[in-house]
Amino acid sequence: MIAIYILWLRQLKRFIRKKTSIVGALGQPIIFLVAIGFGFGPVFARAGAGNYIQFLAPGIIVMTVLFTSIFTGLEIIWDKQFGFLKETFVAPISRWEILLGKTLGGATVAIIQGVLVFLITLIAGFRPQLATLPLALLFLFLVAILSSALGAAIAARLDDMQGFPLIFNFLVQPLFYLSGAIFPIQNLPKALDIATKLNPFSYGVDGLRYAFGGAHVFSPWLSLAVLCSVTIIILSVGVYQFNKVQL
Amino acid sequence: MDIIEIKNLTKKFGDFTAVDDISFNVKRGEIFAFLGPNGAGKTTTIKMLTTLLKPTAGNILLDGHQVTDNPHQTRQSFGIVFQDPSLDNELTAYENMQFHAILYGLKKDVYQKRIVDLLNLVELYDRKDSFVKNFSGGMKRRLEIARGLLHNPKVLFLDEPTIGLDPQTRNHIWAYIKNLNKQENVTIFFTTHHMEEVERMAEKIAIIDHGKILIMGTIQEIISAAKTKTLEEAFISLTGKNIREEAGNAGQNQMRINNKLMR
């Protein structure tokens, strides 16, 4: 257990020391809020769907957590290349402890980043219901663990960063855009409807909207169940992949 | 009982045999040099001895532990300095040491003192709070050696520990290592391409090529068996004059090359 703690702590220290990347990671959510949020706001209102910032903010927070977590998970590739992974592999701890430590570290970092973006959405005019904030944090936590584990599972299979654009454009981006983060997922064309319902992050976005007191599509229990079970599956796949890594 | 007992050890990658049925022992407290040209199977053997690779066949006992059956006990018994650097550049020297201590389950009051002692030994104590990314190659190596010793291992593996270092630093590093071997009775198992380092340090030598042990013995025994004047001549006469291509896993070799370029 102490091994998981020190791996988690390492991740956190590395995060806090990279001040520029903390600020840098806020850029994209701010652009989304300003350009898309205020840009599409009038159209959204005219369509009778209400305040767009109110709708978009949870989606932007999930985006931040999703991107940050996956990237932290993918950092395992760097640990491979810079040899640090070897140091942990010859230590008297199990591979699953290493994976769990990394995953929890990445998730924590992502949640901090997500909370920062949450504060920015408040400035932009987001007015959530705050009584159920713990529930919102629970949804964020699940989204963070899921994406961090996903990043780690992918990183276990890769030896260098060359596959990175492929992962970003064909996995991370679709997971975000097809999650209902920027548009409502009711009354969609059939193919899109199926894609959004199969995407576990749709349940994260929807759950977070529910927790903030906004309009939601799925039952929060369904969202919790989907997130928990997909997280467990991805973590198991990650452990399996990690056990096979040879350095 | 010998500290390392290797019996019929074999490692195959697909149809390529990197290590081919080797057997040898290393005595407790010995300084043992494991030599061979590039791609001879040195690093593959070390990876099997240090639980990073599973042997295809054969048996290894390290400090009495079956390496494949009891990886965790084995890992407590050895320390290793890898061929490529393996420090976290974003952490300080002290934090790298602390990370290692906690991974190996050392208690705080134990490791605090031990870290101070070891950092003093490798003359890095005054830099303990500097980030490793600001260290020179020699300082990183010294830190890695100190880190490898933190959990009081019985064996210290050093895979080309002086690669890319200037003669001054190399001298220093070998002086520390000799000192450690004497003071803490740590068995030293090292590889290098510098024959003068072997002549200075090694009590026993094994030469491996094409995955097989060609010869084993003291420096004198090897020189007389090869009927040459120096160890370097003996090495070349035994392993041939051809330059070796590194075989094995292509992706891994690319990573090794990248790592060397990044140092």
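The shown structure was predicted, so the numbers you read here are calculated from the model rather than taken from an experiment.

Draft legend 1. Broad picture of the overall build of chain B. A count of helical and extended segments in chain B gives ten helices and ten strands. For chain B, whose C-alpha radius of gyration is 18 Å, the value lies close to the compact-globule estimate of 18 Å for 263 residues. A principal-axis box enclosing the C-alpha atoms of chain B has dimensions of 50 × 40 × 40 Å. Counting only contacts in chain B whose residues sit at least 6 apart along the sequence, the fraction spanning at least 24 positions is 69%.

Draft legend 2. Region of interest: the overall build of chain A. A count of helical and extended segments in chain A gives eleven helices and zero strands. Listing each helix as α and each strand as β along chain A from the N terminus yields α-α-α-α-α-α-α-α-α-α-α. Computed over C-alpha atoms, the radius of gyration of chain A comes to 18 Å, within 12% of the 18 Å expected from 2.2 N^0.38 for 247 residues, which places it in the range of a compact globule. With the C-alpha coordinates of chain A rotated into their principal frame, the extents come out at 60 × 40 × 35 Å. Among the 247 residues that make up chain A, the fraction classed as buried is 49%. Within chain A, counting contacts between residues at least 6 apart in sequence, those at least 24 apart form 84% of the total.

Draft legend 3. A look at the confidence of the model for chain B. Summing up the model confidence of chain B, the mean pLDDT is 91 and the portion of residues at 70 or higher is 93%. Interface scoring of the predicted complex returns ipTM 0.89; its pTM is 0.89.

Draft legend 4. Broad picture of the environment of A:Gln28. All names here are of chain A. Inspection of the secondary structure assignment puts Gln28 in helix α2 (residues 19-46). By the C-beta count within 10 Å, which is 14 here, Gln28 ends up partly exposed. In the structure, Gln28 is positioned 46 residues away from Leu74 in sequence and 19 Å away in space, judged by C-alpha atoms.

Draft legend 5. Local environment of helix α6 (residues 95-123) of chain A. Taking 1.5 Å per residue as the helical rise, α6(A) with its 29 residues ought to reach 42 Å, and the 43 Å between its terminal C-alpha atoms agrees with that figure. Trailing α6(A) by a residue or two, A:Gly125 shows a phi angle of about 115°, which is positive.

Draft legend 6. Local environment of the sheet that holds strand β2 (residues 16-26) of chain B. Residue and element names in this part refer to chain B. As summarised here, the arrangement of the four strands in space is β2-β1-β4-β5, forming an open sheet in which the pairing is antiparallel. If you trace the sheet from one side to the other, it starts and ends with β2 and β5 (65-66), each paired once. The pairing of strand β1 (residues 4-13) with β2 spans seven bridges and is antiparallel. The residue bridging Ile4 from the neighbouring strand is Val26, located in β2.

Draft legend 7. Main features of the interface of chain A and chain B. Contacts between chain A and chain B engage 21 residues on the former and 25 residues on the latter. Every element with two or more residues in the side of chain A that touches chain B is listed here: α1 (2-17) and α5 (84-89) of chain A. Here the element with the most residues in the side of chain A that touches chain B is α1(A); it accounts for seven residues. Class assignment for the residues of the side of chain A that touches chain B results in ten nonpolar, four polar and seven charged.

Draft legend 8. The arrangement of the pairing of strand β8 (residues 187-191) of chain B in detail. Residues and elements named next belong to chain B. Of all five residues in β8, five are buried, a share of seventy percent or more. Of the two faces of β8, the one carrying Thr187, Phe189 and Thr191 and the one carrying Ile188 and Phe190 are both buried. As defined by bridge partners, strand β3 (residues 31-35) adjoins β8 across three bridges and the pair is classed as parallel. Looking across to β8, one finds that Ala33 is bridged to Phe190. Judged from the five bridges that link them, strand β7 (residues 155-159) and β8 form a sheet pairing that is parallel. From the neighbouring strand, Val155 faces β8, where its bridge partner is Thr187. Handedness of the crossover joining β7 and β8 through helix α6 (residues 167-184) is recorded here as right-handed.

Draft legend 9. Quick peek at the nonpolar core. A:Val62, A:Leu66 and A:Val143 are the most contacted members of the largest nonpolar core, which has 142 residues in total. The element contributing the most residues to this core is helix α7 (residues 133-157) of chain A, with 15 residues.

Draft legend 10. Inspection of helix α9 (residues 231-239) of chain B at higher detail. Residues and elements named next belong to chain B. Along α9, the positions that sit buried rather than exposed are Leu231, Ala234 and Phe235. Looking straight down α9, one finds that the buried residues subtend no more than 100° of arc, so they occupy a single side. Considering only its buried residues, α9 is in contact with β3, α7 (195-201), β9 (204-209) and α8 (219-226). Looking one or two residues past α9, Gly240 carries a phi angle of roughly 90°, positive in sign.

Draft legend 11. Local environment of the sheet that holds β9(B). Residues and elements named next belong to chain B. Pairing in this open sheet of six strands is mixed, and the strands run β6-β7-β8-β3-β9-β10 from one edge to the other. Two strands lie at the open edges of the sheet, namely β6 (78-81) and β10 (212-217), each paired on one side alone. Within the sheet, the average angular offset between the axes of one strand and its neighbour, ignoring direction, is 15°. Sheet contacts for α9: β3, β9 and β10; angle to β9, the most-contacted strand, approximately 30°.

Draft legend 12. Spotlight on unusual backbone geometry. All names here are of chain B. Not every positive phi belongs to a glycine, and Asp21 is a case in point at roughly 55°. Turning to its location among the elements, Asp21 is positioned in strand β2. Overall, Asp21 belongs to the partly exposed group, with 14 C-beta atoms counted inside 10 Å. A positive phi is found at Thr51, a non-glycine position, where the angle reads about 65°. Relative to the helices and strands, Thr51 is located in the loop between α1 (42-49) and β4 (57-62). A count of 21 C-beta atoms within 10 Å places Thr51 in the buried class.

Reading the values: the criteria
Throughout this description, residue numbers start from 1 for each chain and increase along the sequence as written. All chains are assigned letters beginning at A, and all ligands numbers beginning at 1, according to the order in which they are written. For a predicted model such as this one, the threshold for reporting local features is a pLDDT of at least 70, and the threshold for listing and counting side-chain atom pairs is 80 or more; totals across whole chains, interfaces and linings nevertheless cover every residue. Helix and strand labels come from DSSP, where a helix needs a run of H or I of at least four residues and a strand needs a run of E of at least two; each type is numbered from the N terminus. To get the radius of gyration, use the C-alpha atoms; to get the globule rule, take the number of residues to the power 0.38 and multiply by 2.2 Å. Note on contacts: each residue gets a C-beta atom placed from the backbone, and two residues are in contact if those atoms are within 7 Å. Any residue whose C-beta has 12 or fewer other C-beta atoms within 10 Å is treated as exposed, any with 20 or more as buried, and any in between as partly exposed, C-beta atoms being built from the backbone. pLDDT expresses how confident the predictor is about each individual residue, on a scale running from 0 to 100. By this rule the span expected of a helix is its residue count minus one, scaled by 1.5 Å. DSSP bridges decide pairing: two strands pair if at least two such bridges lie between them. Residue polarity follows a fixed list, in which Ala, Val, Leu, Ile, Met, Phe, Trp, Tyr, Cys and Pro are nonpolar, Asp, Glu, Lys and Arg are charged, and the others, Gly among them, are polar. If you view a crossover with the strands going away from you and the path from the first strand over the helix to the second runs clockwise, you call it right-handed. Here a nonpolar core is just a set of buried residues of the types Ala, Val, Leu, Ile, Met, Phe, Trp, Tyr and Cys, joined wherever their C-beta atoms sit within 7 Å. The arc refers to the directions leading from the helix axis to the C-beta atoms. Angles run from 0 to 180 degrees between N-to-C directions of axes, and those axes are lines fitted to C-alpha atoms, restricted for helices to the stretch in contact.

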